[in-house]
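Listed here are the chains, written in short residue letters.
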Amino acid sequence: MSFDKDELRDEYPDGTVRLRNPNIELMDQDILYHLALGSGSHDLVEMFGDVKFVCLGGTPKRMEQFAYTIMAEIGHKLPCGTTLHDISQFSYRYSMYKVGPVLCISHGMGIPSVGILLHEVIKLMYHAKVRDPVFFRIGTCGGIGFEGGNVIISEEAVDGNLRNIYELTVLGKNIQRPAKLDKRLVRELKALADPEDPYDTVTGKTMCTYDFYEGQGRLDGAFCDFTEADKMEYLESIHKAGVVNIEMESLAFAALTHHAGIKAAVVCVTLLDRLKGDQMLAPKEVSDEWQQRPTKLVCRYIKRYLQMK
Ligand code: URA
C-alpha cells in the first residue's frame with residue numbers, strides 16, 4: 001500500500017497516543033482539572049480504555065443529543081438501571097458522555113476553549129492507554145459560497161491570513177504548529193455522503209478565526225471599522241483561495257491532534273452563506289435540523305467502522 005507523506009502518522013508503534021511532554025510520566029498523579037477527572041482519583045484505563053472515537057462539539061446540549069443519537073445508531077445498551085450521565089458535570093466547564101467506544105464532549109467556543117480541552121483529552125487518551133483513537137469535531141460554520149444547511153468536511157484549517165498553522169505564544173516566543181487533518185479520513189467521510197441527502201456534502205479549506213464578528217468580517221458587531229466593499233473584497237479573495245467555510249476552532253483542533261499523532265476530521269454544517277449576509281436568519285427549528293447533518297455523517301462512519309470490526 002502506498003501512502004501520501006502527509007498521511008503517515010506519528011504514533012507509538014502500538015497505536016497509543018503520543019504525549020510530547022516528559023513531565024507527565026514523572027508526576028505522581030495528573031489532575032485533568034477541566035474534565036473533573038484525575039489519574040490518581042479515577043481508574044482511567046477501566047473507565048476509558050475501550051474508547052475508539054472522540055466526538056467534540058460546541059455545546060453541552062448538542063453533545064448530549066449526539067450521545068443519545070449514537071447510542072441508538074450503534075445499538076449500545078447501558079448497564080441495567082443506569083442512564084447516560086455527564087462524566088465532567090462537576091467541572092462546570094465541559095460536558096462528557098460515554099457511549100461504549102464513543103466519547104462525546106462539548107468544547108465550548110473558540111480556540112482557547114477547544115485547546116485547553118484537547119490538552120486534557122489527549123492526556124486522558126494517554127492515561128487510559130487508548131489505541132488509535134479517531135477525533136471528530138462536529139460543528140457549525142458560515143459558508144463561503146454555500147447556503148445554510150450544507151455539510152463541509154475540512155481538508156485543512158487556515159488562519160485569517162490563509163496560513164495553515166496554529167500560532168501560540170509560549171514563554172514570550174511565537175511557536176507554530178501545522179494545522180493538518182487526515183486526508184484519508186476526509187475521503188472516507190466524503191464517500192459516506194448519501195446522494196439522496198437533500199443537501200451537499202463538500203470538502204475544502206476551512207478558515208478559523210479568533211472572533212465571530214470583526215474577525216469574520218461581519219458588519220454587525222458592536223464595532224466595525226471597515227466597509228461592506230472591504231468585507232466583500234476579503235471574502236471573495238478567500239473564496240478564490242479555496243476557503244469554503246469559516247468557524248472558530250479547527251486551527252487548534254487540527255494542530256493539536258496532528259501534534260499528538262491522532263487521526264482527526266472536522267465536519268461542520270453551514271448556517272448561512274457569508275457572501276450573502278452576516279445574520280443567522282434561519283428559524284430555530286430549521287437550524288436545529290441542519291445541525292443534525294454533520295452528526296449523521298459521523299454516525300455513518302462510526303457505524304461502518306464498528307460493523308467491519
Ligand atoms: N460559526 C461561526 O464561527 N461563524 C458563522 O458564521 C457561523 C457559525
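Every value quoted in this text rests on a predicted model; they were computed, and no experiment measured them. (Residues numbered from 1 in each chain as written. Predicted model: local features only at pLDDT ≥ 70, side-chain atom pairs only at ≥ 80, totals over all residues. Heavy atoms only, no water.)

A. Expanded view of the site of the ligand. Lining the immediate surroundings of the ligand are Thr140, Cys141, Gly142, Phe212, Gln216, Arg218, Ile246, Glu247, Met248, Leu272 and Met280. Arg218 places a polar side-chain atom, nitrogen or oxygen, 2.7 Å from an oxygen atom of the ligand. Expressed as a share of its isolated accessible area of 240 Å², the protein-covered part of the ligand is 95%. Judged by its atoms lying within 2 Å of the grid points, the ligand is housed in the largest pocket. Only strand 6 (134-143) and strand 11 (243-247) provide two or more residues apiece to the shell around the ligand. (Near = heavy atom within 4 Å. Polar contact = N/O pair within 3.5 Å; in protein donor to acceptor, adjacent residues only side chain to side chain. Areas by Shrake-Rupley, 256 points an atom, 1.4 Å probe, with all protein chains shown as cover. 1 Å grid on protein atoms, 1.4 Å probe; cavity = no way out; pocket = protein on both sides within 12 Å on 5 of 7 lines; lining within 4 Å. Sits in = over half its atoms within 2 Å of the grid points. Helix = DSSP H or I, 4+ residues; strand = E, 2+ residues; numbered from the N terminus.)

B. Seen up close, helix 6 (residues 228-240). Counted at 1.5 Å a residue, the expected span for helix 6 with its 13 residues is 18 Å, and the 18 Å between its end C-alpha atoms agrees. Against strand 10 (201-208) and strand 11 lie the buried residues of helix 6. Of the residues one or two after helix 6, Gly242 is the one with positive phi, at around 100°. (Expected span 1.5 Å × (residues − 1). Contact = heavy atoms within 4.5 Å.)

C. Broad picture of the pairing of strand 9 (residues 173-178). The pairing of strand 8 (residues 165-170) with strand 9 spans six bridges and is classified as antiparallel. Counterpart to Glu167 in the pairing with strand 9 is Gln176. From the end of strand 8 to the start of strand 9, which pair antiparallel, there are two residues, and Leu171 there has a positive phi angle of about 50°. (Pairing = 2+ DSSP bridges.)

D. Geometry of empty space enclosed by the protein. In the structure shown here, the tally under the stated rule is two cavities of 30 Å³ or more. Of the voids in this model, the largest cavity is the one considered here, and its volume is about 50 Å³. Lining the largest cavity we find Arg62, Gln65, Phe66, Thr69, Gln291, Gln292 and Thr295. When residues of the lining of the largest cavity are assigned to their parent elements, the largest contribution, four residues, is made by helix 3 (residues 60-74). (Points joined across faces, edges and corners; volume = space filled by probe spheres on them.)

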